[in-house]
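An overview of the molecular structure
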Amino acid sequence: MNDDFLSKRVVADFCAAFRKNPRIDEFGFVYCPEKTVNKSPVTVEGNKLGVETWCLKIVSPFIHRQLLSQRHGKDKSKLQEYSKVALLLNPECSTFWNIRKELFQRKYFTALTELKFTNIILTCHPKSPETYVHKRWIVRHAFTKQAEGNVDNRIVDTDEQTQTALDTEMEGSRVAASGYPSNYNAWSHRIWTVKALARCSAEVLESELENTKSWVRQHVSDHSGLQYRQFLLSEHRQKCLLEEHLLKEFQFLDDLLISYPGHEALWNHRRALYHLAVQSQEGLGHQTEELSTENASVKSSLTGLEDPIEPLGAGSLVEENKSHTGEGEGVRLTSINEMVNPLLEKKRALAILEETSTSDSKIQERHYKLYIQWLDRFKT
Amino acid sequence: MNLLIIFSYLDVVSLCRCAQVSRTWNVLALDGSNWQRVNLFDFQTDIEGPVVANISKRCGGFLKVLSLRGCKSVTDDALKTFAENCRNIEELNLDDCKSITDSTANSLSKYSKKLMILDLASCTAISDQTLKSISDGCPLLSQLNISWCNQISDNGVEALARGCKDLKVLRCKGCVMITDDSLLHLGLHSPKLTTLNLHNCVNISDDGMQDMARGCTNLKSLCLSGCLHLTDKSLISLSNYCHSLRTLEVSGCCQFSDSGFQALARTCSELRKMDLEECVLISDASLIHLAIGCPNIETLTLSHCELITDEGIRHIGTSACATEVLKVIELDNCPLITDASLEHLMGCHGLQRIELYDCQLITKAGIRRLEAQLPNVNVHAYFAPPTPPNTDGRQRPRYCRCCSIL
């Protein structure tokens with residue numbers, strides 16, 4: 001019995017914390033196995049909410065029971081508080097999320113509030129799949145319905161609100177991505193949001209490319225982050241824009257490959273970019289007959305450039321090593337045709353290898369060789 | 001007819017099921033006399049106009065008590081039919097029937113002359129017109145709940161006070177448009193008032209309280225929680241006129257201080273339940289006065305009264321109410337309370353519950369000692385469930401189940 005009162009009190013403490021600190025943006029567990037002071041387990045420091053772990057084994061079963069028993073009852077007021085606390089402690093329970101969906105449909109809270117709440121959960125559980133599923137459900141039901149022509153006058157879909165939702169989602173994904181290495185869930189959610197909320201508009205694609213640039217620089221081994229950039233590039237519908245971005249991306253990638261040798265993620269990214277470039281060029285090639293002669297002349301001038309690449313022994317690779325410049329001098333790309341030319345690409349890859357510093361050259365060499373093999377197998 | 005007597009004990013669902021058994025049972029189960037008290041809370045949103053209309057035709061003049069709490073789809077028309085058919089209705093609960101408007105009160109006023117208890121809480125569409133109709137047509141009204149009906153204003157309350165002279169219970173939680181004017185009229189015209197709930201009626205002040213107290217000297221239960229503008233003058237008015245006061249809830253009235261409670265304790269010796277949460281100005285002095293003046297206190301809430309110390313609790317612990325009468329004491333969020341307070345309360349044999357959340361100077365040992373002395377008490381603190389009290393090595397007497405029946 002005492003447990004029930006204690007649990008109710010802790011839930012009340014949670015609600016008071018949220019009420020008094022509306023700007024809470026992070027949640028975490030404070031490890032505390034045994035209670036020694038008669039103080040609330042719920043603490044708020046700055047804008048961070050914490051709960052001590054000793055109370056979990058008492059509070060969780062209580063909330064679980066209450067939610068399941070009161071779910072179909074007539075009195076929905078307690079459900080909101082209980083579900084909030086329950087999901088902070090354990091976001092993997094679909095039933096609790098469904099309870100919140102029901103409350104949302106009864107307009108107990110707005111979509112934006114719910115999205116912010118899920119962001120708080122993600123700070124503690126960055127990979128929680130159920131949270132992302134719920135986010136998508138909310139976005140679908142609150143923001144995209146109007147676009148599909150369903151007139152639901154409960155939901156006001158102003159551009160400003162959609163923009164706020166978009167910003168909230170981007171922020172949440174960013175925080176979640178930082179919380180766990182290669183957070184596939186977070187990045188794929190980000191992709192979904194760009195498709196659903198922003199409908200892949202050009203401005204959003206541009207701004208996202210810009211925003212994620214510094215992030216990628218700090219997380220070079222994050223496969224999912226790089227995959228996101230690939231998605232952004234592939235969604236460009238205008239070929240000239242795509243070309244421009246691909247050029248910049250190759251440049252950026254060259255820098256990264258030299259600065260951070262031996263990261264498989266970066267080499268994979270290069271493969272993807274190459275693939276994208278080839279696809280894009282094929283698209284160009286199909287367009288008009290007039291361009292084909294132009295292409296032919298461009299190609300012939302390019303063939304003049306290529307030098308026969310001598311098979312280099314391992315020793316000479318090491319000797320070739322120049323001082324690490326930091327900024328890739330490399331071969332500057334000027335057109336998409338240069339990008340897709342396999343021989344030029346091999347030459348550029350070699351240049352990267354040469355730029356790499358001695359200590360890392362072995363590992364870089366391994367990746368280089370694999371890349372060359374892949375290029376050879378690659379059929380346009 | 002024994003069957004009729006048996007049916008009179010059944011609830012609505014069972015009666016309806018019985019009515020499907022056979023023709024005889026149908027006639028008996030649906031006999032009006034079984035339907036004097038009908039509670040449709042469990043059906044809520046399923047209840048719509050036709051259901052209420054049917055019930056009212058079936059029950060006719062037998063129906064005395066009807067609860068439609070939570071039935072959000074019930075409309076004015078349904079209730080008009082109901083009022084026409086069931087003229088003997090005495091108690092009607094329309095809590096949370098959001099579709100109701102002033103028209104319902106009009107119907108009730110015309111037909112429900114015997115109405116005594118009416119609950120219109122959360123019927124947000126009603127206005128002063130409702131109160132005017134009720135005051136015209138239902139002179140016997142003694143209990144009215146208009147909580148959360150935020151369109152109600154002083155005009156309505158004035159009409160109510162003038163028309164329903166027998167008014168004993170009035171609950172207007174959250175009726176923010178009520179001001180001192182309402183209180184003046186209640187004081188002038190409602191001398192029988194025993195229960196008044198003005199929770200969150202923020203626009204009332206000391207003057208209104210004085211006018212009300214002067215007239216409503218039979219007041220037993222008063223709630224002023226959240227009425228921030230009240231000062232000690234209100235408490236002094238109460239102490240001058242309302243000596244029968246038993247329940248006083250003033251949580252959030254942060255301007256109340258020791259001098260107000262000193263006055264109150266001098267004359268209101270019947271006080272049993274006091275909620276002083278967040279009355280941050282009060283100190284041990286108030287507790288000393290209450291200990292002397294109020295020997296009947298059963299429930300005392302002092303949450304968030306940060307100036308309270310062990311000394312004040314010592315006086316409570318040795319007061320006339322302490323030994324047998326005090327049941328519940330709430331001291332959560334009083335940071336100066338230490339184990340010494342628990343020592344002082346060890347003589348309270350009637351104590352059932354004590355709240356100590358966030359009293360950081362309280363220790364586990366102190367709580368254990370209290371529980372050893374008072375085995376029936378529920379101590380609420382943040383400590384994990386306490387270990388069972390020491391039995392001094394004595395073996396607990398054991399009973400097997402069959403022996404206890406024998």
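Whatever comes next refers back to the structure up there.
Report on the accompanying structure. Being a predicted model, the structure only gives us computed values, none of them experimental.

**Re the sheet that holds strand E3 (residues 48-52) of chain A**
All names here are of chain A. Across the sheet, three strands lie side by side as E1-E3-E2; this open sheet has mixed pairing. Of all the strands in the sheet, the pair left with one neighbour each is strand E1 (26-30) and strand E2 (42-45). Averaged over all pairs of adjacent strands, the angle between strand axes in this sheet comes to 25°, irrespective of strand direction. Pairing of E2 with E3 involves four bridges; the strand directions are antiparallel. Opposite Glu45, over in E3, you have Lys48 as the bridge partner. Contacting E1 and E3, helix H3 (residues 77-89) crosses the sheet at an angle of about 65° to E1.

**A few points about the state of the cysteines**
All names here are of chain B. Enumeration over the complete set of coordinates arrives at zero disulfides over all chains. The cysteine Cys254 is free of any disulfide, with Cys253 supplying the nearest cysteine sulfur at 7.5 Å. What makes Cys254 partly exposed here is its relative accessible area of 33%. The thiol sulfur of Cys294 is not disulfide-bonded, and the nearest other cysteine sulfur, from Cys268, lies at 7.3 Å.

**A short note on the pattern of salt bridges**
All names here are of chain A. One pass over the full model with this rule turns up 30 salt bridges over all chains. Close ionic contact of Glu249 with Arg229 constitutes a salt bridge, the shortest N to O distance being 2.9 Å. In this pair, Glu249 is assigned in helix H11 (residues 239-259) and Arg229 in helix H10 (residues 223-234), connecting sequence segments 20 residues apart. Relative accessible area serves as the criterion here: at 4%, Glu249 is assigned to the buried category. Between Glu244 and Lys248 there is a salt bridge, and its shortest N-O distance comes to 3.6 Å. In this pair, Glu244 and Lys248 are both assigned in helix H11, four residues apart and thus about one turn of the helix distant. One connected set of salt bridges, linked through shared partners, spans Asp254, Arg270, Glu345 and Arg348.

**So, the layout of surface pockets**
Looking at the largest pocket, its volume works out to about 1,100 Å³. Lining the largest pocket are 37 residues, and of these A:Arg9, A:Ala12, A:Asp13, A:Ala16 and B:His304 sit closest to its centre. Of all the elements in the fold, those that place two or more residues in the lining of the largest pocket are helix H1 (2-20), E2 and H3 of chain A together with strand E13 (353-355) of chain B. Considering every element that reaches the lining of the largest pocket, the biggest residue donor is H1(A), with eleven residues. In terms of residue class, the lining of the largest pocket is made up of ten nonpolar, eleven polar and 16 charged.

Calculation rules
- Residues numbered from 1 in each chain as written.
- Chains lettered and ligands numbered in written order.
- Predicted model: local features only at pLDDT ≥ 70, side-chain atom pairs only at ≥ 80, totals over all residues.
- Heavy atoms only, no water.
- Pairing = 2+ DSSP bridges.
- Helix = DSSP H or I, 4+ residues; strand = E, 2+ residues; numbered from the N terminus.
- Axes fitted to C-alpha atoms, helices over the stretch in contact; angles between N-to-C directions.
- Contact = heavy atoms within 4.5 Å.
- Disulfide = S-S within 2.5 Å.
- Buried < 20%, exposed > 50% of the residue type's maximum accessible area, 1.4 Å probe, protein only.
- Salt bridge = Lys/Arg side-chain N within 4 Å of Asp/Glu carboxyl O.
- 1 Å grid on protein atoms, 1.4 Å probe; cavity = no way out; pocket = protein on both sides within 12 Å on 5 of 7 lines; lining within 4 Å.
- Points joined across faces, edges and corners; volume = space filled by probe spheres on them.
- Nonpolar A, V, L, I, M, F, W, Y, C, P; charged D, E, K, R; others polar.

Shape descriptors only; they carry no functional weight alone.
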